[in-house]
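Notes for the structure review
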Amino acid sequence: MNFQLIGVNHVSAPVEVRERLVVPESEVPNALRKLAQHPGVEEAMILSTCNRVEILTRTSNGAVNLRAFLQDYFPVKLAEYDKHLYELREQEAVRHLFRVASSLDSMIVGEPQILGQVKEAYASARALGAVHSQLDQLLTRSFAVAKRVRTETAIGSSAVSVASVAVELAKKIFGSLHGKHVYLVGAGKMSELAARHLLANGAVSIFVANRTYDRAVQLAEKFNGEAIQFSQLYDTCDRADIVITSTGAPHAIFRREHGELFLNRRKNRPMFFIDIAVPRNVDPELNKLDGIFVYDIDDLQQAVVSHVADRTKEAERAEAIIDVEVQRFQERLQTLNVVPTIVSLQDHLETIRQAEIDRVRGRLGPLTPDQEMVIESLTKGIVNKIMHTPIHTLKTAARESEATTVIDVVKRLFNLEASKAKSGGDSGTGSKR
Amino acid sequence: MPLLWLRIALGCYAVGLLYILVALGRASEWANRIALQAAYLGMIFEFVSLVESILPAPQITLAAEHNAEPLLAFFIMVMFMVVYLIYKTTSLGIIVFPLVFLLTFVAATGQERFLSMVPSTRKDWLIVHIALIFFGYAALILSFGASFVYLIQERALKSKRSGGLLSRLPALQVLDDISFRALAVGFPCMTLGLLAGIVVAEASYGRVQYADPKILLSILMWAVYLLLIYTRWTAGWRGRRAAYLATGAFATAIIAWAANYFSAIHGFVRS
């Protein structure tokens, strides 16, 4: 199959190296064209994201010098990057692609973006015609494998960042976040991030209260929200469904009596307090009230940790699926390898049969249609009986390593290459565009 | 024949019950689907059984041959399916499936016949009375189921446990919606059903026997039902308090149901 892959990723190379080898999206077609002209490269795709730059090719002999291409293409001294580059071939390249598409090779295992990025890389390579035959099959297969991993394991199902855990919890309480109000008490990086996540998931408006009012106004502008004087906090807070606290106050800002007050005003509609501050801004007592849910930074981080552990466990199951899929893909390709041989074998014998019938046809004199039919079926029967064993052997051999040997033997025994050349057919080895 | 259909329905429910437990135990889309299909089939067979046994009867003999339980089971299943269509959740199955199974089981395996003694002159009103009341019961049970699941989910969120079964339960708000909507649909049915009952009683006996235990309990249940809706409406009671009230209403409903065995009028007395 002759697949070859070369690249760097977030494990093999630090960002200083990756940024030098990045291929910007607009440059990809150009790079692909150059790659296609590189001697021995039959098909190629370039995957360039912030965590990896990889070049996947199918080559004529499986041993094309891809480093030479990198050296030509990038204005860097490649020797310096040698230890960061990995090069994979055949089965290992296939496995690597399957792992990348299934997000097993990602920095955050199970993150869903990578599959989209691989699909984009595939689409642009395909549009250029750089991917057209076996590499096309390999990539299409990798999407199916990624889908299988996603449906059969829970690898991408749990949130693995504090902000996304907060969103997940909010969804467990409110169902949909559409039309929900978020209240930021105190302005910090983390609470800003959480707010951004909540808004992205449908929450509508943001109120910001901060000790320094100017900072509140700034932040409110950023989110198209409303800045509120800190003194108004308790009078306005019941308007919010989700409250994110991150002030530097040395004691709890929200105590039990505040919670009771809010619930009363809200007719017991639930409230979700996300307390990112240390020391905590929300008294844990609040969590005991019906309809109020309080999560502090430890609770959120614990959820993250346990979700990451879940993912690691799921990743093991995913690896097993990929093992099976790599094996299956290999078998399929090998079966495809023997198909041209089988076809030419059939053609070859059919030609002989026709020629022999034509040869004796004149000596037989006039025949009735019945007799014609008997001759047809007799000769065909003989040919089929003879062909049965070689075809069967070819098909079985396809699944094992001896495939190429058997193909060669059959070709030589029946002199297939020669008869093909005579008929001027395509030899089946993929031709370049 | 009706009994045969009922037993097939029972088999379907058993399969549904089994798979809903599997589906809750671990994330499994296919188990969920099997449970739903089985429940759906069971519902259809139950309906066929009901039609076959009620239609040919010269008068309403709901009590005969245990028609009451399958009818209730059928209504509960219908509401469960409606909830599934709207909210795409099967988690109420934890409550609904065992209950429906039990109701159908009682009817499908019961050998003794209960005799009906309702020589009513107002057959049409009687049908309305029974259908509406039963629908009200079904709504109440579903609301109870939703409240129950709400409690489980709330406890999980409060104790900060996650994953496993809990991650597959619907959001609190959704459960609250189901619970309230079921009540909002069920209460008018219950009210109208009771009114229809009064009409039937007046027509048959000339007066309503308020001292009858069944009637007393029914009125009590109606009052609890009303209270449940009222507290939700005005104070927004949900979660624990709503669940307790729903449990109370559910309990009175069960007693009112059981009162059939002691009531002279509803004639479920063994002959």
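Residues numbered from 1 in each chain as written. Chains lettered and ligands numbered in written order. Predicted model: local features only at pLDDT ≥ 70, side-chain atom pairs only at ≥ 80, totals over all residues.

**Focus on the environment of Glu-152 of chain A**
Residue and element names in this part refer to chain A. Heads up, the condition is: Put simply, DSSP marks the helices as runs of H or I at least four residues long and the strands as runs of E at least two long, and each gets a number from the N terminus on. Residue burial is a threshold on neighbouring C-beta atoms within 10 Å of the residue's own C-beta, all placed from the backbone, with 20 or more meaning buried, 12 or fewer meaning exposed, and counts in between meaning partly exposed.
Within the secondary structure layout, Glu-152 lies in helix H7 (residues 134-152). Classification of Glu-152 by C-beta neighbours within 10 Å gives exposed; the count is 12. In this structure, the C-alpha to C-alpha distance between Glu-152 and Ile-321, residues 169 residues apart in sequence, is 9.0 Å.

**Here's the deal with the nonpolar core**
Inclusion rule: The term nonpolar core means buried Ala, Val, Leu, Ile, Met, Phe, Trp, Tyr and Cys residues held together as one set by C-beta atoms within 7 Å. We call two residues in contact when the distance between their C-beta atoms, placed using the backbone, is within 7 Å.
Ile-242 and Phe-273 of chain A together with Ile-76, Ala-138 and Leu-142 of chain B are the most contacted members of the largest nonpolar core, which has 129 residues in total. In terms of residues, this core owes the most to one element, helix H5 (residues 123-159) of chain B, which gives 17 residues. Those residues in contact with Leu-142 of chain B that lie beyond four places of it in its chain are Ile-76, Met-79, Phe-80, Val-83, Leu-92, Val-96 and Ala-182 of chain B. Counting 44 residues, the second-largest nonpolar core is a separate cluster that includes Leu-32, Ala-44, Ala-101 and Ala-121 of chain A.

**Points about the confidence of the model for chain B**
Residue and element names in this part refer to chain B. Quick note on the threshold: Confidence scores labelled pLDDT are given residue by residue by the predictor and lie between 0 and 100.
Chain-level statistics for chain B give a pLDDT mean of 77 and a share of 81% at 70 or above. With pLDDT under 50 throughout, residues 112-117 is counted as low confidence; its partners more than four residues away or in other chains account for 15 contacts. Counting contacts from residues 267-271, a segment whose pLDDT is below 50, to residues more than four positions away or on other chains yields 12 contacts. Here the prediction assigns the complex a pTM of 0.68, and the interface score ipTM is 0.78.

**Some details on the pairing of strand S3 (residues 52-59) of chain A**
All names here are of chain A. Rules: Following DSSP output, two strands are said to pair if at least two bridges run between them.
Within S3, eight of the eight residues are buried, leaving the element largely enclosed by the surrounding structure. Judged by which residues are buried, S3 turns out to be covered on both faces: Arg-52, Glu-54, Leu-56 and Arg-58 on one side and Val-53, Ile-55, Thr-57 and Thr-59 on the other are all buried. Note: strand S2 (residues 41-48) against S3, seven bridges, orientation antiparallel. Paired with Val-41 across the strands is Thr-59, a residue of S3.

**Quick word on helix H5 (residues 90-101) of chain A**
Residue and element names in this part refer to chain A. Our working rule: Expected helix span is given by 1.5 Å per residue-to-residue step, counting one fewer step than there are residues.
For H5, which comprises 12 residues, the first-to-last C-alpha distance of 17 Å matches the rise-based estimate of 16 Å (1.5 Å per residue) to within 8%. Looking only at H5, the buried set comprises Ala-93, Val-94, His-96, Leu-97, Phe-98, Arg-99, Val-100 and Ala-101. Buried positions along H5 lie against strand S1 (3-9), S3, strand S4 (86-89), helix H6 (113-127), H7 and helix H13 (297-364). A positive backbone phi angle near 70 degrees is found at Ser-103, which sits one or two residues after H5.

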